[in-house]
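Chain residues, written in single-letter form:
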Amino acid sequence: MSIKKIVEFKGTMTSKSGVHIGGNGNGTEVGGCDNPVIRNPLTNAPYIPGSSIKGALRSCAEKMPAYAGKIRNGKPCGCGQETCMVCKLFGAHMNTRADSGEPRLIVRDMNLNQEFLVKITTSGGSHSDIVETKVSTMIDRVTNTAATGPLRNMERVAAGAVFDCSFVLKVTDKDKEVELIDFLKKCIKLVEATGIGGKVTSGSGQVKFDIDWNSPCIITL
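Conventions we followed
- Residues numbered from 1 in each chain as written.
- Predicted model: local features only at pLDDT ≥ 70, side-chain atom pairs only at ≥ 80, totals over all residues.
- Heavy atoms only, no water.
- Helix = DSSP H or I, 4+ residues; strand = E, 2+ residues; numbered from the N terminus.
- Contact = heavy atoms within 4.5 Å.
- Buried < 20%, exposed > 50% of the residue type's maximum accessible area, 1.4 Å probe, protein only.
- Pairing = 2+ DSSP bridges.
- 1 Å grid on protein atoms, 1.4 Å probe; cavity = no way out; pocket = protein on both sides within 12 Å on 5 of 7 lines; lining within 4 Å.
- Points joined across faces, edges and corners; volume = space filled by probe spheres on them.
- Nonpolar A, V, L, I, M, F, W, Y, C, P; charged D, E, K, R; others polar.
- Axes fitted to C-alpha atoms, helices over the stretch in contact; angles between N-to-C directions.
- Parallel < 35°, antiparallel > 145°, perpendicular 65-115°, else oblique.
- Core = buried A, V, L, I, M, F, W, Y, C linked by side-chain atoms within 4.5 Å.
- Expected span 1.5 Å × (residues − 1).

**Remarks on the overall build of the protein chain**
- The helix and strand tally for the protein chain stands at four helices and seven strands.
- Secondary structure of the protein chain in N-to-C order comes out as β-α-α-β-α-β-β-β-α-β-β.
- Sequence-distant contacts, at least 24 apart, represent 67% of the contacts inside the protein chain between residues at least 6 apart.

**Considering the pairing of strand β5 (residues 162-172)**
- Among the eleven residues that make up β5, ten are buried, leaving the element largely enclosed by the rest of the structure.
- Across three bridges, the pairing between strand β2 (residues 105-107) and β5 is antiparallel. Bridge pairing links V107 to F167 in β5.

**Some remarks on empty space enclosed by the protein**
- Overall, the coordinates contain one cavity of 30 Å³ or more when judged by the stated rule.
- Put simply, the largest cavity is a space of about 30 Å³.
- V19, H20, I21, V37, I38, P46, Y47, I48 and V157 together form the lining of the largest cavity.
- Looking at the lining of the largest cavity residue by residue, the classes come out as eight nonpolar, one polar and no charged.

**Topic: the packing of helix α1 (residues 50-61) against helix α4 (residues 177-194)**
- Interaxial distance between α1 and α4 falls to 9 Å at its minimum, and their mutual angle equals 100°. In this view, α1 runs roughly perpendicular relative to α4, as classed from their interaxial angle. Each of A56, L57, C60 and A61 in α1 lies in contact with α4, whose residues at this interface are F183, L184, C187, I188, L190, V191 and T194.
- Here the contact of α1 with α4 is composed, by residue class, of ten nonpolar, one polar and no charged.

**Points about the nonpolar core**
- Ranked by internal contacts, the top residues of the largest apolar core, which has 53 residues, are L57, M110, F167, F183 and F209.
- Of all the secondary-structure elements, those providing two or more residues to this core are β1 (3-15), α1, α2 (85-90), β2, α3 (114-122), β5, α4 and β6 (207-211).
- Those residues in contact with F183, other than ones at most four positions away along the chain, are A61, M64, Y67, M85, V86, L89 and F90.

**Here we look at the environment of F90**
- With respect to the element layout, F90 can be found in helix α2.
- Distance in space between the C-alpha atoms of F90 and P103 is 4.8 Å, their sequence separation being 13 residues.
- With sequence-adjacent residues up to four places away left out, F90 is seen in contact with K54, L57, R58, A61, P103, L105, F183 and C187.

**Things to note about α4**
- Compared with an ideal rise of 1.5 Å per residue, which puts 18 residues at 26 Å, α4 spans 26 Å between its outermost C-alpha atoms and is within 8% of the ideal.
- Among the residues of α4, those classed as buried are L180, I181, F183, L184, C187, I188, V191 and E192.
- Positioned one or two residues after α4, G195 has a phi angle of 105°, which is positive.

Okay, structure coming up:
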């Protein structure tokens, strides 16, 4: 099996609701947040790790009807079959002799879109202004009011933030390029429908991708 082509699709991902991808906690500091978002240590700007997006894509892929029953003990699919699109795209979990070969998909880290940042700075703001702190507490089941006790706080990248995204496919001599692209599109649609990061069942994590599928960057080997 040899790589014959590398295809890169670029675009943007916009947060439709607050998005929380966790970073290192500073809740032990005075005034610190219990659950901060992950940030670039050099610029302090929030970003979305490629591993987080790839994990969300894979999780959605493994919930498709065609792959029902393939997950064992909560672990990712590792069947390694040549026809398994999950193993082809994301790799066969803990399987070093997989017929599916090496994972075809590379997901780059997603940094804030420069055009979006210009709009923020032009209005007098900075990347720090797009991070909000969401406070929550438990509801008392008897009174239906906020329960007594400490409040929990969580940082989220605010709705409307725009990140650059890049998806790279390694097409081998045994692959059907259209099949790989179509499967990736389905995974992205499912992520848009379900969300990314923490607290998605409580309103966080809704995102929308805008990818140029018609004009990819292609490297032929």
